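Commentary on secondary and tertiary structure
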Amino acid sequence: RAMFPQMRPLMTRAMLPQTRPLMTKAMFLQTRPPMTRAMFITVIGRLYQELSGNAVIASGANEFTDVQSGSYYIQFLDWAYDNNIIEGYGDGRFGPNDNITRAQMAQIIANFVQYMGTNIDVYEGTSLTFSDSMDIPTWAYTAVSYCSYNGLITGMPGNLFSPNTTATRAQVATIMQRFANSFSE
């Protein structure tokens, strides 16, 4: 229960508004359900607030055709878009209810650390040792390198990164705990 003392409230506040009508509390606390893109960007926004002590300030300009005004994550999505932390799919959609893949998660984390002032250019072209490194999308390769070399996202069994595999809530909680710890050191 106390595995992630800093992250449990962060994760709960970030995801509970959407899941409360759909799930019982016992179901919500299960760690196997996937993390959606809306949930993940909410977690990133809340993490920013926790780490910086600043509120998320969004322009209020919803840039995505598949995002409804008033959605629980809208302020975090607008803030992340305004600050180049997320881009969407390139066709005007964000895919808020799509499950987030490990490659997408790495890219958003890398964009976030750049927003926080860390230069990740040194990881560009770095060789990765995952058996499936050739499956990592070009757009996410530097981000995966950053996350891997900094111990934020580790591989899956069989020395795989599994870039197109959906991230579970448990994986995200672990990664966010590592991330928060790396910023507090």
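Structure report, in brief. (Residues numbered from 1 in each chain as written. Predicted model: local features only at pLDDT ≥ 70, side-chain atom pairs only at ≥ 80, totals over all residues. Heavy atoms only, no water.)

1. Some details on helix α4 (residues 74-82)
Our working rule: Only protein chains enter the accessibility calculation, which uses a 1.4 Å probe. A residue is then buried if its area is under 20% of the maximum for its type, exposed if over 50%, and partly exposed in between. Where helices and strands are cited, they refer to DSSP runs of H or I of at least four residues and of E of at least two residues respectively, numbered from the N terminus. Any two residues whose heavy atoms approach within 4.5 Å are treated as being in contact.
Those residues of α4 not exposed but buried are Ile-74, Phe-76, Leu-77, Asp-78, Trp-79 and Ala-80. Its buried side turned inward, α4 meets α3 (37-52) and α5 (102-115). With its phi angle positive at about 60°, Asn-84 sits one or two positions after the end of α4.

2. Thoughts on the nonpolar core
Considering soluble globular proteins, one finds that nonpolar side chains tend to be buried as a cluster. Defined as follows: To define a nonpolar core, start from buried Ala, Val, Leu, Ile, Met, Phe, Trp, Tyr and Cys residues and group those joined through side-chain atoms within 4.5 Å.
Ranked by size, the top nonpolar core spans 49 residues in total, and within it Phe-40 and Ile-109 carry the most contacts. Mapped onto this core, the elements with two or more residues apiece are α3, α4, α5, α6 (141-149) and α7 (169-184). Ignoring any residue separated from it by four or fewer positions in sequence, one finds Phe-40 in contact with Met-35, Ile-100, Met-105, Ile-108, Ile-109, Val-172 and Met-176.

3. Re the pattern of salt bridges
Cut-off, in case you're wondering: Salt bridge, as applied in this entry: a Lys or Arg side-chain nitrogen positioned within 4 Å of an Asp or Glu carboxyl oxygen.
Going through the model one piece at a time under the given rule, you end up with one salt bridge. Of the charged contacts, one joins Asp-91 and Arg-93 as a salt bridge, the two residues approaching to 3.0 Å between their closest N and O atoms. Note on Asp-91: relative accessible area 48%, which makes it partly exposed.

4. What about the packing of aromatic side chains?
Rules: Only the six-membered ring of Trp is used, alongside the rings of Phe and Tyr, when aromatic pairs are assigned; centres must lie within 6.5 Å, and planes under 30 degrees apart are stacked while those over 60 apart are edge-to-face, with the rest tilted. Criterion for a charge above a ring: Arg CZ or Lys NZ at most 6 Å from the ring centre, at most 35 degrees from the ring normal.
One pass over the structure, following the stated rule, counts twelve aromatic pairs. By the ring-pair criterion, three or more aromatic residues cluster together here, those being Tyr-48, Trp-79, Phe-112, Tyr-115 and Phe-179. Residue placement shows Arg-102 over the ring face of Phe-161; its charged tip is 4.7 Å from the ring centre.

5. So, the environment of Ile-74
Following the sequence through the fold, Ile-74 ends up in helix α4. Relative accessible area serves as the criterion here: at 16%, Ile-74 is assigned to the buried category.

6. Re the packing of α3 against α4
So the rule is basically this: Orientation is described by lines fitted to C-alpha atoms, with helices fitted over the stretch in contact, and by angles between N-to-C directions that extend from 0 to 180 degrees. Roughly parallel means an angle under 35 degrees; roughly antiparallel means over 145; roughly perpendicular covers 65 to 115; every other angle is labelled oblique. Three classes are used, and their members are as follows: Ala, Val, Leu, Ile, Met, Phe, Trp, Tyr, Cys and Pro are nonpolar, Asp, Glu, Lys and Arg are charged, and the others, Gly among them, are polar.
With their axes 8 Å apart at the nearest point, α3 and α4 run at an angle of 80° to one another. One finds that α3 runs roughly perpendicular with respect to α4. Contact residues: α3 offers Ile-41, Thr-42, Ile-44, Gly-45, Arg-46, Tyr-48 and Gln-49, while α4 offers Gln-75, Phe-76, Leu-77, Trp-79 and Ala-80. Residues of the contact of α3 with α4, tallied by class, amount to seven nonpolar, four polar and one charged.

7. With respect to the side chain of Thr-101
Locating Thr-101 in the fold gives a position in the loop between α4 and α5. Assessed through its relative accessible area of 14%, Thr-101 is described here as buried. Residues contacting Thr-101, with those up to four places away along its chain left out, are Pro-163, Asn-164, Thr-165 and Thr-166.

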